[in-house]
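Read off the chains here:
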Amino acid sequence: QVQVVESGGGLVQPGGSLRLSCAASGRIVSINAMGWYRQAPGKQRELVAVITGGGSTNYADSVKGRFTISRDNAKNTVYLQMSSLKPEDTAVYYCKAASVATMRGVSDYWGQGTQVTVSS
């Protein structure tokens, strides 16, 4: 069984910063990519940033230059450093561990989500 748990969400003022963390645990052999997605009320879930095991990254245009994704492979943990936050960044942020290999096979796993609210 694999668990993915996010932490670090909260309320922040516009222009502020916040750091999200996500840890995958269980009998994991390897994880291909880890990423962050977000879903605002009434909108579809969208990709925010993703990082591969080799360190390659990809960002949504809306967050480029403001958000930074990083990963600790030894801890199966991914981070999202968010700066210059805007009200439109308000959403539930979800962590995804993609192509997670265990003794039972390969699957994707999602966390339960953490709320980020940007408001004065």
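Structure: above.
Since this is a predicted model, take the numbers as computed values, not measurements. Along each chain, the written sequence defines residue order, and numbers are assigned to residues from 1. Local features in this predicted model are restricted to residues of pLDDT 70 or higher, and side-chain atom pairs are both shown and tallied only at a pLDDT of 80 or more, whereas totals for entire chains, interfaces and linings draw on every residue. No hydrogens and no water enter the side-chain calculation; it runs on all heavy atoms of the structure.

This part covers the state of the cysteines. By convention in this document, the label disulfide applies to cysteine sulfur atom pairs within 2.5 Å. This model, assessed by the stated rule, comprises one disulfide. Covalent S-S linkage joins C22 and C95, the inter-sulfur distance amounting to 2.0 Å. Of note, the bridge from C22 to C95 carries an S-S torsion of about -80° and is left-handed in sense. With C22 in strand β3 (residues 18–26) and C95 in strand β9 (residues 91–102), the pair connects residues that are 73 residues apart, well separated along the chain. When accessible area is computed with a 1.4 Å probe and restricted to protein chains, residues below 20% of their type maximum are described as buried, those above 50% as exposed, and intermediate ones as partly exposed. In this structure C95 comes out as buried when scored by relative accessible area, which is 0%. A run of H or I in DSSP counts as a helix once it spans at least four residues, and a run of E counts as a strand once it spans at least two, with each numbered from the N terminus.

Below, the discussion takes up the pattern of salt bridges. We define a salt bridge as a contact between a side-chain nitrogen of Lys or Arg and a carboxyl oxygen of Asp or Glu at a distance within 4 Å. Applying the stated criterion across every chain, the model contains five salt bridges. With a shortest N-O distance of 2.8 Å, R66 and D89 are connected by a salt bridge. Placement of R66 in the loop between β6 (57–59) and β7 (67–72) and of D89 in the loop between β8 (77–82) and β9 is noted, with a sequence separation of 23 residues between them. Owing to a relative accessible area of 0%, D89 belongs among the buried residues under this scheme. Salt-bridge contacts for D108 lead to K96; the nearest nitrogen and oxygen are separated by 3.7 Å. You can see D108 sitting in strand β10 (residues 105–110) and its partner K96 sitting in strand β9, a full twelve residues away along the chain. Taking relative accessible area as the criterion, D108 reaches 41% and is therefore assigned partly exposed. Put simply, R38, E46, R66 and D89 are held in one network by salt bridges that share partners.

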